[in-house]
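Below, each chain spelled out in residue letters.
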Amino acid sequence: MILTITMNPSIDISYPLETFKLDTVNRVKNVRKTAGGKGLNVTRILKQLDAEVTASGMIGGFLGEEIKKDLDHNKIPHNFLPISGETRNCIAVLHEGQQTEILESGPVISEAEAAAFLEHFAQLAEKADILSFSGSLPEGLPTDFYSQMLQVCGGKPVVLDCSGEALKEVLKGGVKPRLIKPNTEELAGLLGRRVSSDAAELKTALLDPLFADIEWIVVSMGGEGAFAKHRDKFYRVTIPKITVVNPVGSGDATVAGLTAAIEKGWSDEAILKQGNVLGMLNAQEATTGHVELANYQTLFDQIQVEEV
């Protein structure tokens, strides 16, 4: 079973507009609202892959109940810790080929709720084969909370997709995730220097002692594909050009693909191909966290994974 964790879930609202006008009324016809947050995007993709998956995290208030209804409607098992605060909204305005996001910060978590979640999580982790942690931590939780979670999940493999101080704390901690997925900007922020897409420069960056004992590092590079390190091997992943309809959630779809493939014990090449193909399939769809699997094999066959 795959356990997905979304510590700061949301109702994701997508507003597609031909033009976005400031200081006036913008009317939207095709509004899309889904149970969101990065971990829940991962969850939906895993469900489409027919993976055995359970969603968890913290939810509260009216919007929290709407998330549970959405997951129930899609027959996705879930086991969230209820909290006193209200789950947030996150709005994406898609306009003129651009994406403007308005993200609420979400609820403030109390110390008692944080402690209760660690107990709740430890029980769920016992039943999992692999875990996926995605997204930001809500206010009130310490920046090392993902590190605390890693310490109580019994050495199970964890795919971690977060950034900023939360990721820095994980990298400093004694228990490491199986895989992290920074983009080049996040990688540069961690190292405190610019990092280009040059293979030699990326190799040097991923060999930094900061990343010691992390088995997989997958650096997402948008249309340029990805660069990855698995133990002592490095890979350049080249992807075909596609027509992007909605890029929201594509990184989460990639995480889902990587997680499911690692759980199945696939080869390095197959793991990287599945992660990237699902990211592309998500970007080709208007609905966040949705892929058209009929196109899976066609794209899979066009991705090139080269050891460098």
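Here the structure is a predicted model, which is why all the values come from computation and not from measurement.

K.L.:
Quick question: what am I supposed to make of the environment of Gln-151 here?
P.N.:
Looking at the element boundaries, Gln-151 is found in helix H4 (residues 145–152). By relative accessible area, which is 54% here, Gln-151 ends up exposed. Linking Gln-151 and Val-93, residues 58 residues apart in sequence, is a C-alpha distance of 38 Å.

K.L.:
What exactly am I supposed to notice about the packing of helix H1 (residues 38–48) against helix H8 (residues 250–263) here?
P.N.:
A pair of packed helices can be characterised by two numbers: the angle between their axes and the separation between those axes. Relative to each other, H1 and H8 sit at 55°, their axes nearing to 8 Å. The angle between the axes of H1 and H8 places the two elements in the oblique class. Remark: the crossing between H1 and H8 carries right-handed chirality. Along its contact with H1, which presents Lys-38, Asn-41, Val-42, Ile-45 and Leu-46, the element H8 presents Asp-252, Ala-253, Val-255, Ala-256 and Ala-260.

K.L.:
Would you explain the UniProt feature "domain: Carbohydrate kinase PfkB" (unreviewed entry) in the protein in this entry?
P.N.:
Under the present numbering, the feature "domain: Carbohydrate kinase PfkB" (unreviewed entry) in UniProt falls on residues 7–289. Between the C-alpha atoms that bound residues 7–289 there is a distance of 17 Å. The span itself is 36% helix and 22% strand.

K.L.:
It is not clear to me how the pattern of salt bridges should be interpreted in this structure. Could you clarify?
P.N.:
It is possible for side chains bearing opposite charge to pair when their charged atoms get close. Within the structure shown, the criterion is met by 9 salt bridges. Between Glu-65 and Lys-68 there is a salt bridge, with its nearest N and O atoms 3.2 Å apart. A residue pair is termed a helical-turn pair when its members lie 3 or 4 positions apart in one helix, as Glu-65 and Lys-68 do in helix H2 (residues 61–73) at 3 residues. Look at Glu-65 and you get partly exposed, because its relative accessible area is 40%. Between Lys-168 and Glu-165 there is a salt bridge, and its shortest N-O distance comes to 3.5 Å.

K.L.:
Whenever I open this one, the environment of Arg-32 confuses me. Can you help?
P.N.:
The residue Arg-32 is located in strand S3 (residues 32–36) in this model. Owing to a relative accessible area of 30%, Arg-32 belongs among the partly exposed residues under this scheme. Distance from Arg-32 to Thr-288, taken between C-alpha atoms, is 8.9 Å for residues 256 residues apart in sequence.

K.L.:
Quick question: what am I supposed to make of the sheet that holds strand S6 (residues 88–95) here?
P.N.:
As a general point, the strands of a sheet are linked pairwise by backbone hydrogen bonds and lie either parallel or antiparallel. What the 4 strands build is an open sheet, ordered S3-S2-S6-S7; its pairing is mixed. With partners counted over all chains shown, the strands left at the sheet margins are S3 and strand S7 (98–103), one partner each. Shown here is a sheet whose adjacent strand axes are inclined to one another by a mean of 20°, direction ignored. In terms of strand pairing, strand S2 (residues 10–17) meets S3 through 5 bridges, oriented antiparallel.

K.L.:
Where do I start with the side chain of Asp-12 in this structure?
P.N.:
Secondary-structure assignment places Asp-12 in strand S2. Although buried, Asp-12 forms no salt bridge, and the nearest oppositely charged side chain, Arg-44, lies 5.4 Å from it. At 2.6 Å, the side chain of Asp-12 and the side chain of Ser-10 are in polar contact.

K.L.:
Would you mind showing me how to read the sheet that holds strand S13 (residues 233–238) here?
P.N.:
Strand order in this open sheet of 10 strands is S5-S4-S1-S8-S9-S10-S11-S12-S13-S14, and the pairing throughout is mixed. Bordering the open sheet on either side are strand S5 (81–82) and strand S14 (304–307), each of which pairs with just one other strand. Pairing of strand S8 (residues 130–134) with strand S9 (residues 158–161), which is carried by 4 bridges, proceeds in the parallel orientation. Among the inter-strand pairings, Leu-131 is bridged to a residue of S9, identified as Val-158.

K.L.:
Please explain the side chain of Glu-215 as it appears in this structure.
P.N.:
Position of Glu-215 among the secondary structure elements: in the loop between helix H7 (199–206) and strand S11 (216–220). In this structure the side chain of Glu-215 is engaged in a polar contact, spanning 3.4 Å, whose partner is the side chain of Arg-178. Polar side-chain contacts of Glu-215 include one of 2.8 Å to the side chain of His-230. Those residues in contact with Glu-215 that sit more than four places away from it in its chain are Pro-177, Arg-178, Lys-229, His-230 and Arg-231.

The rules behind the values
Residues numbered from 1 in each chain as written. Predicted model: local features only at pLDDT ≥ 70, side-chain atom pairs only at ≥ 80, totals over all residues. Heavy atoms only, no water. Helix = DSSP H or I, 4+ residues; strand = E, 2+ residues; numbered from the N terminus. Buried < 20%, exposed > 50% of the residue type's maximum accessible area, 1.4 Å probe, protein only. Axes fitted to C-alpha atoms, helices over the stretch in contact; angles between N-to-C directions. Parallel < 35°, antiparallel > 145°, perpendicular 65-115°, else oblique. Left-handed = near helix turned anticlockwise from the far one by under 90°. Contact = heavy atoms within 4.5 Å. UniProt positions renumbered as here; feature names shortened; annotations may be inferred. Salt bridge = Lys/Arg side-chain N within 4 Å of Asp/Glu carboxyl O. Pairing = 2+ DSSP bridges. Lys, Arg positive; Asp, Glu negative; His and termini not counted. Polar contact = N/O pair within 3.5 Å; in protein donor to acceptor, adjacent residues only side chain to side chain.

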